[in-house]
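This is what each chain is made of:
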Amino acid sequence: MFTVIKSASTGIGPRLGRLALPGKKVVHTPHYLGITSRGVIPHITQDTFARDASITGVYVGLEDFIERAPYQTPPLYQFKPPKDSSPLRRFIALPEDTLLVLGARRAPPVAAPAANPNTNETVSVCTAVGFRVLRADDYAEAAERLQADIVVGLGDIPYGRKLGNKRIEKATERNIKWTQDHINLRHSAETRAQQAKLFAPLLPVSSAKQRFYIETLIQVSERDVAGLAVYALDSLEDLPEALQPLPRLGFTTPSAPQDVLQHIVLGIDVLTVPFINAATDAGIALSFQFPSTSCDQSHNGSDPLPLGIDMWSPAHAVDLGPLVDGCTCYACANHHRAYIQHLLAAKEMLGWVLLQLHNHHVTDIFFAHIRASIANGTFTDDVEHFQRKYESRLPEKTGQGPRVRGYQFKAEGPGEPKKNKAPFTMLDDGQEKIVESAPPEAGTDASELEAQGFAAKA
Ligand SMILES: [Zn+2]
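Residues numbered from 1 in each chain as written. Predicted model: local features only at pLDDT ≥ 70, side-chain atom pairs only at ≥ 80, totals over all residues. Heavy atoms only, no water.

**Details of the overall build of the chain**
Within the chain, the secondary structure is distributed over 15 helices and 15 strands. Sequence-distant contacts in the chain: of pairs separated by 6 or more residues, those separated by 24 or more amount to 67%. Roughly 22900 Å² of accessible area belongs to the chain as shown, and the carbon and sulfur atoms make up 53% of that amount. (Helix = DSSP H or I, 4+ residues; strand = E, 2+ residues; numbered from the N terminus. Contact = heavy atoms within 4.5 Å. Areas by Shrake-Rupley, 256 points an atom, 1.4 Å probe, with all protein chains shown as cover.)

**Examining helix H5 (residues 165-188)**
Compared with an ideal rise of 1.5 Å per residue, which puts 24 residues at 34 Å, H5 spans 35 Å between its outermost C-alpha atoms and is within 8% of the ideal. All buried positions along H5 are accounted for by Ile168, Ala171, Thr172, Arg174, Asn175, Ile176, Trp178, Thr179, His182, Ile183 and Arg186. Taken together, the buried residues of H5 touch strand S7 (122-127), helix H4 (136-146), strand S9 (150-152), strand S10 (197-201) and helix H6 (211-221). (Expected span 1.5 Å × (residues − 1). Buried < 20%, exposed > 50% of the residue type's maximum accessible area, 1.4 Å probe, protein only.)

**Looking at the UniProt feature "binding site: Zn(2+)" (unreviewed entry) in the chain**
Mapped onto the present numbering, the UniProt feature "binding site: Zn(2+)" (unreviewed entry) falls at Cys327, Cys329, Cys332 and His358. Taken along the chain, the residues just named run across 32 residues; in space they keep tight, none of their C-alpha pairs more than 8.3 Å apart. Inspection of the secondary structure puts cysteine 332 in helix H10 (residues 330-334). Judged by relative accessible area, cysteine 332 falls into the buried class, the value being 9%. Here histidine 358 is to be found in helix H12 (residues 349-376). Among the polar contacts listed, one links the side chain of histidine 358 to the backbone oxygen of leucine 286, at a separation of 2.8 Å. (UniProt positions renumbered as here; feature names shortened; annotations may be inferred. Polar contact = N/O pair within 3.5 Å; in protein donor to acceptor, adjacent residues only side chain to side chain.)

**Some words on the pairing of strand S11 (residues 227-230)**
Burial along S11 is two-sided: Gly227 and Ala229 and Leu228 and Val230, pointing in opposite directions, are all buried. Taken together, the 3 bridges between S10 and S11 define a ladder with parallel strand orientation. Across the sheet, phenylalanine 199 pairs through a bridge with glycine 227, a residue of S11. With respect to chirality, the unit in which S10 leads through H6 into the neighbouring parallel S11 is right-handed. (Pairing = 2+ DSSP bridges. Right-handed = clockwise from strand over helix to strand, strands pointing away.)

**Concerning the sheet that holds strand S5 (residues 57-61)**
Read around the closed barrel, 8 strands run S4-S5-S6-S9-S10-S11-S12-S13, paired in parallel fashion. Sheet twist, expressed as the mean angle between neighbouring strand axes with direction ignored, is 30°. On top of the sheet, H4 reaches strand S6 (99-103) and S9; it is set at about 170° to S6, its chief contact. (Axes fitted to C-alpha atoms, helices over the stretch in contact; angles between N-to-C directions.)

**What to know about the nonpolar core**
With 78 residues, the main nonpolar core has Leu62, Leu88, Phe288, Phe366, Phe367 and Ile370 as its most contacted residues. Ranked by residue count, the leading element in this core is H12, at 6 residues. Other than its neighbours up to four places away in sequence, phenylalanine 367 contacts Pro30, His31, Tyr32, Val260, Ile264, Leu271 and Val273. Counting residues in each nonpolar core, the second largest holds 25 residues, with Leu33, Ile168, Ala226 and Tyr231 among its members. (Core = buried A, V, L, I, M, F, W, Y, C linked by side-chain atoms within 4.5 Å.)

**A word on helix H11 (residues 337-345)**
Turning to H11, its buried residues number three or more, namely Arg337, Ala338, Ile340, Gln341, Leu343 and Leu344. Tucked into the core, H11 has its buried residues touching strand S15 (308-310) and H12. Immediately beyond the C-terminal end of H11, within one or two residues, lies lysine 347, with a positive phi of roughly 55°.

**Remarks on the coordination of the zinc ion**
Only Cys327 (SG), Cys329 (SG), Cys332 (SG) and His358 (ND1) from the protein reach the zinc ion as donors, at distances of 2.1 to 2.3 Å. In this structure, the zinc ion is surrounded by 4 donor atoms whose angles at the metal cover 104 to 113°, and the resulting shape is tetrahedral. Taken in sequence order, the residues that donate to the zinc ion follow the motif C-x1-C-x2-C-x25-H. The pair cysteine 329 / cysteine 332 is uniform in exposure class, with both members buried. (Donors = N, O, S within 2.8 Å, 3.2 Å for Na, K, Ca; no water. Tetrahedral: all angles 85-135°; square planar, octahedral: opposite > 155°, others 65-115°.)

**A look at the sheet that holds strand S3 (residues 27-29)**
If you walk across this open sheet you meet the 3 strands as S1-S2-S3, and the pairing is antiparallel. The sheet is open, and its two borders are formed by strand S1 (2-6) and S3, each paired with just one other strand. On average, each strand axis in the sheet is inclined to that of its neighbour by 20°, with strand direction left out of account. In terms of strand pairing, strand S2 (residues 16-19) meets S3 through 3 bridges, oriented antiparallel. Opposite arginine 18, over in S3, you have histidine 28 as the bridge partner. Each of S1, S2 and S3 is contacted by H12, which is oriented at about 125° to S2, the strand it contacts most.

**Structural notes on the environment of proline 314**
Looking at the secondary structure, you find proline 314 in the loop between S15 and H10. Proline 314 gets classed as exposed once you look at its relative accessible area, which sits at 63%. Taking the C-alpha atoms as reference points, proline 314 and glutamine 341, separated by 27 residues in sequence, lie 7.3 Å from one another.

**Quick word on the environment of arginine 211**
For arginine 211, the location among the structural elements is in helix H6. Along the chain, arginine 211 and leucine 239 lie 28 residues apart, while their C-alpha atoms are 9.8 Å from each other.

**Concerning the pattern of salt bridges**
In this structure the tally under the stated criterion is 13 salt bridges. With a shortest N-O distance of 2.7 Å, aspartate 149 and arginine 89 are connected by a salt bridge. Here aspartate 149, found in the loop between H4 and S9, pairs with arginine 89, found in helix H3 (residues 87-91); they are 60 residues apart in sequence, far enough to count as distant. Accessibility assignment for this pair places aspartate 149 and arginine 89 in one class, buried. The partner of aspartate 319 in a salt bridge is arginine 337, and the shortest N-O contact between them spans 3.8 Å. One end of the pair, aspartate 319, is in the loop between S15 and H10; the other, arginine 337, is in helix H11, and 18 residues separate them in sequence. Residues joined in a network through salt bridges with shared partners are Asp156, Arg167 and Arg174. (Salt bridge = Lys/Arg side-chain N within 4 Å of Asp/Glu carboxyl O.)

Put into structure tokens, the structure is as follows:
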């Protein structure tokens, strides 16, 4: 399934690979997965995804679909597609050849409040109606039934918190048990032909600190574990050789392209990159390019270039150029900056659609150039050059994004105030008029009603 094409000369480092699953587009690594929200890449409908984007794989969090569980059966579980097709893929209308990766939580997830800790049998997940518990055995069963291409096993990952020594011990035990139970469930399945590849979650600590779990993984890796899910770069530093051939899927939340490069330097093969969606929501068109031998090495100026362009700025109001010169994405090929600036200012949804297509395209090219650079053996120099050439952070957001949802906030526990202003409110005198007007009696005839006026009583 995964072949390493070129690896670092010593230990763990940047490497080229090829992730090939039957019937799916081959993912040349390093690469990234598009991050979905409730089954879609935000702002991109399924037809646009198939026609105008070239995203090779997506990541889906199960917590987006299971707010009714366990008391009611969620619609995703009730959905029965024709035989042999993946219920999850059909439910979210993902093209057949796009790699589908399923995990329990979104990327990046909202950290659970201290009042909702994980237990020996459950993890806390954030659904559309708040935090719920997801049982490890329910997750394993659902993950097998939904037939994604890759399933990230459930891990006791303490998002947003440090693990103390006691807690590491407990988390190690839980990971061993959950992984083994999941593997046993897979062995008992009737058909193994369509089974997803299982990626085992590493705890966000060094391999030495979770060594009993690592030893378990080494025992089962040949047959039952096809890859690793990495939540902190610490766990790669001393990763034993036996696990090194496995592909590494990163949930390491890079916040800028420089972090992406750093995580590739430290050995991540496939990344989830949350700043693409965040930049789009903020109205920012990404504009960075990784230098490969085929393109510029010319920037020697003292001022670093911005990583993105704030499209809210009125400076673009009469600019008929593309978002980025030479960009071949759908947005740049068909529209100009002035139009996109207008769409954002008018809060037209199409503005974010175009930005999202452009931002994913820029990221596609970025990763393609990274792979070319590793193949050419110039990666270290190119990374250095990139760091000199660009600012270290994405531009600040100035305009308003689309309406934010619960899963985009940090949880602060019960009784937190509403964070979204209602988009439409009643003006004061409108409210007064309603108080003044008594509802008409049941026996009122038409002429009286007409005299009184209906909704427009003044
Ligand atoms: Zn573009």
